[in-house]
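Here are the chains, one letter per residue:
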Amino acid sequence: MLALWLHFGQMRLCILQVEMSDSRFESIKHEFVDRTPERERYNRIADRTDDQRIFCLQAEDGWGKSWLLGRLYLETDNDRWLKAFVDLGNTKIKDEAALLESISEEMGGSISEQMSRVVRTPMGRIDIRSEGDTIIQGDVAVNKVVVNHQGESDHISVEVQDPRGFKLRVDNLTDALIAGLKTLPPGTLALLFLDRFEKATNTMYDWLVDQLFTGVRDGKYPNLILVVTSVKPFAFLESRDWRYTATQLTLGGLPEDSVREYWLQKRHLPEEDLQTILKLLRTGGFSPSSLSNLADMIENTQN
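Residues numbered from 1 in each chain as written. Predicted model: local features only at pLDDT ≥ 70, side-chain atom pairs only at ≥ 80, totals over all residues. Heavy atoms only, no water.

Draft legend 1. Representation of the overall build of the protein in the model. Looking only at helices and strands, the protein has nine helices and 10 strands in total. Split into buried and exposed, the 303 residues of the protein put 49% on the buried side. Considering only residue pairs separated by 6 or more positions, the protein has 72% of its internal contacts joining residues 24 or more positions apart. Per element, the accessible surface of the protein, about 16000 Å² overall, is 48% carbon and sulfur. (Helix = DSSP H or I, 4+ residues; strand = E, 2+ residues; numbered from the N terminus. Buried < 20%, exposed > 50% of the residue type's maximum accessible area, 1.4 Å probe, protein only. Contact = heavy atoms within 4.5 Å. Areas by Shrake-Rupley, 256 points an atom, 1.4 Å probe, with all protein chains shown as cover.)

Here it is, written out as structure tokens:
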């Protein structure tokens, strides 16, 4: 979810406005309190002044992970850098091949050039009729079933793909991604922004950890940086093997001064309603998106 979020810290932070140019981020509200420490940490990684190569943001739904990731993506504007933003919760990203194809389409440069050369694995097509003939045999995956009504019987067209062909395509796309990274000019970085890591399928999760995360950690991809969000903690990063490569930050909640600043100075809402909001905050708290929803509700009752 792309949501409004606020930041708390020792310094006084003001509400800013950012113009989002990518159509995928049109739904993001432009009012927020800046998360300066998190952005500064990311900038050190992207500028290569920090040895960390994997930047992970973890928090519950509504705490602003996707908002921050989208802003980092849009602020990463360097002609020598390639970047791709992939939402793993998108229904189109159904497997590793779809993920790799999305990276290929968006990354650009030599990476897209190398990956576009991978020929799509052809899928077989078989026909069965409702009379009961069984034609599907062997270990195949059904991608699409189309039923055409023809008189008293149905003609069913089944599109299938041999799993071995799918694995070959994933392997070929992975090799092409590696080849593209190796051909990047000196000083050029590739940044992959992955939103909603918890939505990855089991096989996609294994591929991401075994191929990308581990590859970055082991120096296989020295010019690749991963920026990832997740509702769930990144459990595999708890191993000491990752301490020099990955940073995991948990986004915090709403302090009273930030709530007050947002409510009174940005939304110009009544002080008496703010006192109720602060009582809710003190007795357990709520997400930044909840604060935004409550402010919208109060505004609607005033109109």
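Draft legend 2. How the structure looks around helix H2 (residues 65–75). Within H2, 10 of the 11 residues are buried, which leaves the element mostly enclosed by the surrounding structure. Buried within H2 are the following residues: Lys65, Ser66, Trp67, Leu68, Leu69, Gly70, Arg71, Leu72, Tyr73 and Leu74.

Draft legend 3. Geometry of the nonpolar core. In terms of nonpolar packing, the biggest core is built from 43 residues, with Leu88, Leu99, Leu208 and Phe213 touching the most fellow members. Of all the secondary structure elements, the ones that give two or more residues to this core are strand E3 (54–58), strand E4 (82–87), helix H3 (96–107), helix H4 (109–115), helix H5 (163–182), strand E8 (190–195), helix H6 (202–217) and strand E9 (224–230). If you tally residues by element for this core, the top one is H6, at seven residues. Core analysis: the second largest hydrophobic core is formed by 20 residues, Trp63, Leu68, Leu191 and Ile225 among them. (Core = buried A, V, L, I, M, F, W, Y, C linked by side-chain atoms within 4.5 Å.)

Draft legend 4. Representation of helix H7 (residues 256–266). Of all the residues in H7, the buried ones are Ser258, Val259, Glu261, Tyr262 and Trp263. Following H7 by one or two positions, His268 adopts a phi angle in the positive range, close to 55°.

Draft legend 5. Quick peek at the pairing of E3. Of all five residues making up E3, five are buried, and the element is well covered by its neighbours. On E3, burial covers both faces: Ile54, Cys56 and Gln58 on one face and Phe55 and Leu57 on the other are all buried. Strand direction decides the pairing type here: E3 and E9, joined by five bridges, are parallel. Each bridged residue has a counterpart across the sheet, and for Phe55 the counterpart in E9 is Val227. (Pairing = 2+ DSSP bridges.)

Draft legend 6. Structural view of the pattern of salt bridges. All chains considered together, the criterion is met by 11 salt bridges. The network of salt bridges with shared partners includes Arg39, Arg71 and Glu75. (Salt bridge = Lys/Arg side-chain N within 4 Å of Asp/Glu carboxyl O.)

Draft legend 7. Structural view of the packing of aromatic side chains. In total, this model carries 12 aromatic pairs according to the counting rule given. Each ring, one from Tyr73 and one from Phe85, has its centre 5.5 Å from the other, and the planes form 70°; the classification is edge-to-face. Here Tyr73 is found in helix H2, whereas its partner Phe85 is found in strand E4, with 12 residues between them in sequence. Assigned by exposure class, Tyr73 and Phe85 land together as buried. Both rings, one in Tyr205 and one in Phe236, keep their centres 6.3 Å apart while their planes meet at 85°; by these two values the pair is edge-to-face. In this pair, Tyr205 is assigned in helix H6 and Phe236 in the loop between E9 and strand E10 (246–250), connecting sequence segments 31 residues apart. For Tyr205, a relative accessible area of 30% corresponds to the partly exposed category. Aromatic ring contacts, followed pair by pair, group Phe197, Tyr205, Phe213, Phe234, Phe236 and Trp242 into a single cluster. Here the basic side chain of Lys83 rests over the ring of Tyr73, its NZ or CZ set 4.2 Å away from the ring centre. Taking the ring centre of Trp242 as reference, the NZ or CZ of Arg217 above it sits at 4.6 Å. (Phe/Tyr/Trp six-rings, centres within 6.5 Å; stacked < 30°, edge-to-face > 60°. Lys NZ or Arg CZ within 6 Å of the ring centre and 35° of its normal.)

Draft legend 8. Structural context of the sheet that holds E4. Pairing within the open sheet is parallel, and its five strands lie in the order E4-E8-E9-E3-E10. What marks the edges here is a single partner per strand, and that holds for E4 and E10. Mean inter-strand twist for the sheet, computed between neighbouring axes without regard to direction, equals 10°. Bridge count for E8 against E9 is five bridges, and the pairing is parallel. Pairing of Leu194 across the sheet is with Val228, part of E9. Contacts from helix H1 (residues 36–46) reach E3, E8, E9 and E10, with the element oriented near 160° to E3. (Axes fitted to C-alpha atoms, helices over the stretch in contact; angles between N-to-C directions.)

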